[in-house]
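Now for the letters of each chain:
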Amino acid sequence: MPMPHRTFAEVAKRRLVGKEGSARVAAIQALLSELPGYRNGPYADLRKWLEGELDRTRVRAKVVRRDSLQVRREGAAQIALVGPPNAGKSSLLQALSDIQIRTGDYAFTTLRPVPALTRIGGVLVQLVEIPGLIEGAHEDRGGGRALLGVLRNADAIVFCHAANEPPAALEVVRREVAAAAIDKPSILIRTKADELEERVDAPAGDECLFVSVLDDASLDRLREAIWRLTGLIRVFPERAGARDDEPFALPFGATVADLADRVHHDLGARATGARIRGSSARFDGQLVGRGHVLRDGDVVEILMR
Ligand SMILES: Nc1nc2c(ncn2[C@@H]2O[C@H](COP(=O)(O)OP(=O)(O)OP(=O)(O)O)[C@@H](O)[C@H]2O)c(=O)[nH]1
Ligand SMILES: [Mg+2]
C-alpha cells in the first residue's frame, strides 16, 4: 500500500528543506525511487515535480559555482550574522543548526555567505553568515558590494562581536553597513562569553546579549532574541481539541482571518471567528471575531460557517 500522495508530498518537502547541491540531488533521487510508478494522476504529478527539482538543483549547482554569493531564501525569515573576522559567526551557525562549517582561530575562515536553517519554537528561520566586511567594503573593497547586497536582502541583523575584543573592529563593520545605507532591525551579541574573566557591561543604548557556544542556556536566549528580531508571531491552530505541534509564523498584527487564510485559502473567507487561549485572550476559551489580533504563542480554534 503506497503512502497517500499528500503525505508523500509533505515528506518530500520536509526531506528537501535546507538541502542544496549533491545532498539535494541524492535526496530527490531517493524520493523518486520510493514513488509508486503510476503514469497518471497525483503520483505522476509528484514525479514530474521531483524531476523538475532535480533539473533546477543541477542548474543552481552550476550557477552557484560562478556566482557564489546568491543565497536562496528559506524559512519564515532571514537573519544575517555580521561582525569582524574571527568573531565566532560560523561557530554560532554550527551551534544553532546542523550544518557542518569550517571554523578557525584566524580571520577570513569563511569567504562566502553561508546559510543555515535553525528551528526556533517550531518555526524554521534562516541564518546567513556574512563574512569579510572590511574597511571600504561599501566601495567594493574585498568584494564588499556583493556581500552587502546579500545583507540588504536579509530581514534583520545580529551583530556579533567577541566579548574580550576591543569594540573598534565592530565599529568598522557597522560603519560599512551604515555607509551602504542598510538600516534594519538589529541586536548586538558579545560572543565567546566563556572567555571573559568577569562580565562587562554592554554599551549603553544597545540590546546586548552575552553568548557562548559552550553555554546552551545562552544559545536558547539567543534563539529567543532572534525570534523577537523577526517581528513574527507563532500561532498554533487547534483542531478537534488537539493543538498542532507546528505553529504558523505570521507577521506581527495578524488576525484570526489571516491565520485561517494561511491554514487553507478556502478557510480565510469562511472563518467567522475563533476560540482562543494564550496571551491575546482575556480568559481561556474566549470567543473572538475574525478581526481579533493574535499574539505570539496563541492557540486558536478557528470557527467557521
Ligand atoms: N571559547 C570560545 N571560543 C569560540 C566561541 N565561538 C567561537 N570560538 C572560537 O573562535 C574562533 C573563530 O570562530 P569562527 O566561528 O571561525 O569565527 P568567524 O566569525 O566565523 O570567523 P571568519 O569566518 O574567519 O570571519 C574559533 O577558533 C572558534 O573555535 C565561543 O563561544 N567560545
Ligand atoms: Mg566564519
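Bear in mind that the values here come from a model prediction, so they are computed numbers and not experimental data.

With that out of the way, let us pick up the pairing of strand β7 (residues 232-239). Of all 8 residues in β7, 7 are buried; the element is thus mostly enclosed. Bridging between β7 and strand β9 (residues 248-251) involves 4 bridges; their strand directions are antiparallel. The residue bridging Arg 234 from the neighbouring strand is Ala 249, located in β9. Inspection of the sheet shows β7 paired to strand β12 (residues 299-304) by 2 bridges, in the parallel sense. When the sheet's bridge partners are listed, Phe 236 is paired in β12 with Val 299. Inspection of the sheet shows β7 paired to strand β8 (residues 242-243) by 2 bridges, in the antiparallel sense. The residue bridging Arg 239 from the neighbouring strand is Ala 242, located in β8.

A few words on the site of ligand 1. Taken together, 21 residues are adjacent to ligand 1, and Lys 89, Ser 90, Ser 91, Thr 109 and Asp 194 come closest. Contact distances for ligand 1 include 2.7 Å between a nitrogen atom and a side-chain N or O atom of Asp 194. Within the contact set of ligand 1, a nitrogen atom lies 3.2 Å away from a side-chain nitrogen or oxygen of Glu 195. When ligand 1 sits alone it has 650 Å² of accessible area, and the protein chains cover 88% of it. The element that contributes the greatest number of residues to the shell around ligand 1 is helix α4 (residues 89-96), accounting for 3 residues. Partitioning the shell around ligand 1 into residue classes produces 6 nonpolar, 9 polar and 6 charged.

For the pair helix α1 (residues 5-16) and helix α2 (residues 21-34), interaxial distance at closest approach is 10 Å and the crossing angle is 160°. By the angle between their axes, α1 is roughly antiparallel relative to α2. For the pair α1 and α2, the crossing hand works out as right-handed. Across the interface between the two elements, Phe 8, Ala 12, Arg 15 and Leu 16 from α1 touch Arg 24, Ala 27, Ile 28, Leu 31 and Glu 34 from α2. When grouped by side-chain class, the residues that make up the contact of α1 with α2 number 6 nonpolar, no polar and 3 charged.

Taken as a whole, the chain is organised into domain 1 (5-66), domain 2 (78-230) and domain 3 (232-304). On a C-alpha basis, the centres of domain 1 and domain 3 stand 32 Å from each other.

Let us look at unusual backbone geometry. You will see that Asp 140, though not glycine, has its phi angle at about 75°, which is positive. Its location among the elements puts Asp 140 in the loop between β3 (123-130) and α5 (144-152).

The next thing to look at is the packing of aromatic side chains. Applying the stated criterion across every chain, the model contains 1 aromatic pair. Consider the rings of Tyr 38 and Tyr 43, whose centres lie 5.4 Å apart with planes at 35°: the pair is tilted. On the basis of relative accessible area, Tyr 38 is assigned to the partly exposed category, the value being 45%. Judged by relative accessible area, which is 10%, Tyr 43 ranks as buried. Cation over ring: Arg 174 sits above Phe 159, and NZ or CZ is 4.8 Å from the ring centre.

What follows is about the pairing of strand β5 (residues 186-191). Of all 6 residues in β5, 5 are buried; the element is thus mostly enclosed. The parallel pair strand β4 (residues 156-162) and β5 is bridged by helix α6 (residues 168-179), and the resulting crossover is right-handed. Here β5 runs beside strand β6 (residues 208-210); their pairing, made up of 3 bridges, is parallel. Following the sheet pairing, Leu 188 is matched in β6 by Cys 208.

Let's shift gears to α1. The first and last C-alpha atoms of α1 sit 16 Å apart over 12 residues, in line with the 16 Å expected at 1.5 Å per residue. The complete set of buried residues in α1 reads Phe 8, Ala 9, Ala 12 and Leu 16. Within α1, the buried residues cover an arc of 100° as seen down the axis, which keeps them to one side. Within α1, the exposed residues directed more than 90 degrees away from the buried face are Arg 6 and Arg 14. Remark: Gly 18 follows α1 within two positions and exhibits a positive phi of approximately 80°.

What counts and how
Residues numbered from 1 in each chain as written. Chains lettered and ligands numbered in written order. Predicted model: local features only at pLDDT ≥ 70, side-chain atom pairs only at ≥ 80, totals over all residues. Heavy atoms only, no water. Buried < 20%, exposed > 50% of the residue type's maximum accessible area, 1.4 Å probe, protein only. Helix = DSSP H or I, 4+ residues; strand = E, 2+ residues; numbered from the N terminus. Pairing = 2+ DSSP bridges. Near = heavy atom within 4 Å. Polar contact = N/O pair within 3.5 Å; in protein donor to acceptor, adjacent residues only side chain to side chain. Areas by Shrake-Rupley, 256 points an atom, 1.4 Å probe, with all protein chains shown as cover. Nonpolar A, V, L, I, M, F, W, Y, C, P; charged D, E, K, R; others polar. Axes fitted to C-alpha atoms, helices over the stretch in contact; angles between N-to-C directions. Parallel < 35°, antiparallel > 145°, perpendicular 65-115°, else oblique. Left-handed = near helix turned anticlockwise from the far one by under 90°. Contact = heavy atoms within 4.5 Å. Domains from an automatic or database assignment. Phe/Tyr/Trp six-rings, centres within 6.5 Å; stacked < 30°, edge-to-face > 60°. Lys NZ or Arg CZ within 6 Å of the ring centre and 35° of its normal. Right-handed = clockwise from strand over helix to strand, strands pointing away. Expected span 1.5 Å × (residues − 1). Arc of directions from axis to C-beta.

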